[in-house]
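For reference, the chains in residue letters:
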Amino acid sequence: MYEKKVQEVESLISHQNEWRRKCINLIASENVMSRRARSQAGSDFAHRYAEGHPGERYYRGTNFVDTIESNLKGDLKMLFECNHCEVRPISGTNANEAVFSRLINYNDVVMVNSTPGGGHISHHRQGSVGKFTKNIIDFPLTKDGYHIDVEKTKDLIHRVKPKLIVLGKSLFLFPEPIADLVEICRENNIIMLYDAAHVLGLIAGKKFQDPLREGAHLITASTHKTFFGSQRGLILSNLEDSFWRKIDRGAFPGSSSNHHLDTLAQLAICTYEMMEFGSQYAEAVIANAKALAEALDQLGFDVAAKEFGYTESHQIAVNVKKFNGGEKTSITLELNDIILNMNMLPHEALSTFNNPEGIRIGVQEMTRFGMGKEEMRRIAELIKECIVDKKKVKEEVNRFRSSFQEVKYSFDKPNIKSKTG
Ligand code: DSN
């Protein structure tokens, strides 16, 4: 009786696979895995448990995953040049929760990036930080809205005495002022956490700031935006062992029990791809983001932060108020197989969240499919034809995308078709 339901799910999956191969995906928080990483989904590890650490599990039968996990941790420590690495959080928010739950006591003051200023939902009142304290204070921003105002932040720190400051965000165009805030954090015993979810691959490729070297105490991240996947979380640190033990207990048993072993094995494959290709990839991503921003600007779009060169990451922010706002624009683009999200911009009030003035664009996925600056200029034209000229560009989008099907910056052998695409 329920087999039809199974067929329906199978059919939806197959439609998704087929459709997304034809789309230009510009969602800044996504990426694709290589065929070799993707094809490991559903291994026997998908059925298993491995609570605890390699070599000290609560279950038997974990020899193979123990080897993968301990090698992966060692290699991630090498990649990010740190003493501690936690790979068990199953998402970036889960990694944040592991840290927040061990560091924030009731009524502690925590400073974060505001939602319009780009801050992630897990940093806020309604998200993970809000479970532990309601004393959440936003960083003051400079006039352009895309940078923290360091002097005003220092004044505020003296007044509100935070226990923790959380740098890093979801609308993330420029590096954070870690080095400028290190001294004041040291003097006031403030813990500095850097949420690197969006820029982890750029950091791994050594093309963005290096948070631990600049003085952050902890990095949390998801592993599938500018990093190559799979969809999981990480915590990295150079802090002393006694402090790290708290974070370790936050990850397990604090915020997870089993940690999804098949995606762990995929993360290992993706990490080795990043170690091999991360530098070239990160360079191409940033060059592409700048090229797309410049092309959109030249075509009449109101691209944010022009005076700062638009971006130093994989992202661009565009104010589309004159095209009826972010919601309408993103829907029109989706109807033409260009996928991105509406986004609040720094000057907007929280009440605009349903139809903010902005859209956020990320180039990391199309870069992974091998696109370069020339293709970025073509994407800008397609967006302009769709939004300004009100033309239907879906067929042209599909035709253009058909030449970019192989996942580059990987050990995949070209021209071998996979079942899942
Ligand atoms: N909310 C996601 C984003 O930045 O798109 C991350 O969790």
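Residues numbered from 1 in each chain as written. Predicted model: local features only at pLDDT ≥ 70, side-chain atom pairs only at ≥ 80, totals over all residues. Heavy atoms only, no water.

Draft legend 1. Summary view of the nonpolar core. Within the largest apolar cluster, 93 residues are counted, with the highest numbers of intra-cluster contacts made by F80, Y194, I361, I379 and I383. A95, V112, I136 and L164 belong to the second largest nonpolar core, which has 22 residues in total. (Core = buried A, V, L, I, M, F, W, Y, C linked by side-chain atoms within 4.5 Å. Buried < 20%, exposed > 50% of the residue type's maximum accessible area, 1.4 Å probe, protein only.)

Draft legend 2. Broad picture of the sheet that holds strand β4 (residues 84-86). Ordered by their spatial adjacency, seven strands build an open sheet running β4-β10-β9-β8-β7-β5-β6, and the pairing between neighbours is mixed. If you trace the sheet from one side to the other, it starts and ends with β4 and β6 (136-138), each paired once. Looking at each pair of strands side by side, their axes are set apart by 20 degrees on average, direction ignored. Pairing between β4 and strand β10 (residues 233-237): three bridges, direction antiparallel. Bridging from a neighbouring strand, E86 pairs with I235 of β10. Against the sheet, helix α3 (residues 63-80) touches β4 and β10, its axis set at about 125 degrees to β4. (Pairing = 2+ DSSP bridges. Helix = DSSP H or I, 4+ residues; strand = E, 2+ residues; numbered from the N terminus. Axes fitted to C-alpha atoms, helices over the stretch in contact; angles between N-to-C directions. Contact = heavy atoms within 4.5 Å.)

Draft legend 3. Structural view of a nonpolar patch on the surface. Residues Y49, Y58 and Y59 make up a contiguous nonpolar surface patch of roughly 350 Å² in combined accessible area. Summarising the element assignment, Y49 is placed in the loop between α2 (35-38) and β2 (52-53). (Patch = residues over 30% accessible without salt bridge, like charges linked within 9 Å, V, L, I, M, F, W, Y side chains within 5 Å. Areas by Shrake-Rupley, 256 points an atom, 1.4 Å probe, with all protein chains shown as cover. Salt bridge = Lys/Arg side-chain N within 4 Å of Asp/Glu carboxyl O.)

Draft legend 4. Quick peek at unusual backbone geometry. Cis geometry is found at the peptide bond from G229 to S230, where omega equals -10 degrees. Tracing the backbone shows S230 in the loop between β9 (218-222) and β10. The linkage connecting F252 with the following residue, P253, adopts the cis geometry, with an omega of 5 degrees. Along the chain, P253 falls in helix α10 (residues 241-255). Positioned with a positive phi, K206 is a non-glycine residue whose angle comes to about 60 degrees. Structurally, K206 is set in the loop between α8 (200-204) and α9 (211-214). Take K206: its relative accessible area is 45%, and that puts it in the partly exposed class. The phi dihedral of Y310 falls on the positive side, at around 75 degrees, and the residue is not glycine. Here Y310 is to be found in the loop between β11 (302-303) and β12 (315-319).

Draft legend 5. Quick look at the pairing of strand β7 (residues 164-167). Here β7 shows two buried faces, one formed by L164 and V166 and the other by I165 and L167. Here strand β5 (residues 110-112) pairs with β7 via two bridges, running parallel. By the bridge assignment for β7, M111 is matched with I165. With four bridges connecting them, β7 and strand β8 (residues 191-195) associate as parallel partners. Considered in β8, the bridge of V166 is made with L193.

Draft legend 6. Focus on helix α6 (residues 150-160). For α6, the set of buried residues is V150, T153, L156 and I157. Take α6 and look down its axis: the buried residues cluster within an arc of 120 degrees, on one side only. Turned more than 90 degrees away from the buried face of α6 sit E151 and R159, all of them exposed. On its buried face, α6 is in contact with β5, β6 and α7 (178-187). Where α6 begins, one side-chain oxygen reaches toward the backbone nitrogen of E151, 3.3 Å away; that side chain belongs to D149. Where α6 ends, the next residue or the one after it, K161, has phi of about 50 degrees, a positive value. (Arc of directions from axis to C-beta. Polar contact = N/O pair within 3.5 Å; in protein donor to acceptor, adjacent residues only side chain to side chain.)

Draft legend 7. Looking closely at the environment of L382. Mapped onto the fold, L382 is located in helix α14 (residues 373-387). Distance in space between the C-alpha atoms of L382 and G215 is 42 Å, their sequence separation being 167 residues. With sequence-adjacent residues up to four places away left out, L382 is seen in contact with I24, I338, V393, E396, V397 and F400.

Draft legend 8. Structural context of the site of the ligand. If you check the shell around the ligand, you find S29, H120, S170, H198, K225 and R360 and nothing else. Taking S170, its side chain carries an N or O atom lying 3.2 Å from an oxygen atom of the ligand. One nitrogen or oxygen atom from the side chain of H198 is found 2.7 Å from an oxygen atom belonging to the ligand. Considered on its own, the ligand offers 230 Å² of accessible surface; in the complex 64% of this is hidden by protein. (Near = heavy atom within 4 Å.)

Draft legend 9. Expanded view of the packing of α3 against helix α11 (residues 261-298). In the contact formed by α3 and α11, the axes pass within 10 Å of each other and the chain directions differ by 35 degrees. Seen from above, α3 lies across α11 with left-handed handedness. Judged by residue contacts, V65, I68, E69, N71, L72, D75, L76, M78 and L79 of α3 engage L261, L264, A265, L267, A268, T271, Y272, M274 and M275 from α11. Looking at side-chain class alone, the contact of α3 with α11 contains 14 nonpolar, two polar and two charged residues. (Left-handed = near helix turned anticlockwise from the far one by under 90°. Nonpolar A, V, L, I, M, F, W, Y, C, P; charged D, E, K, R; others polar.)

These figures capture arrangement, not role.
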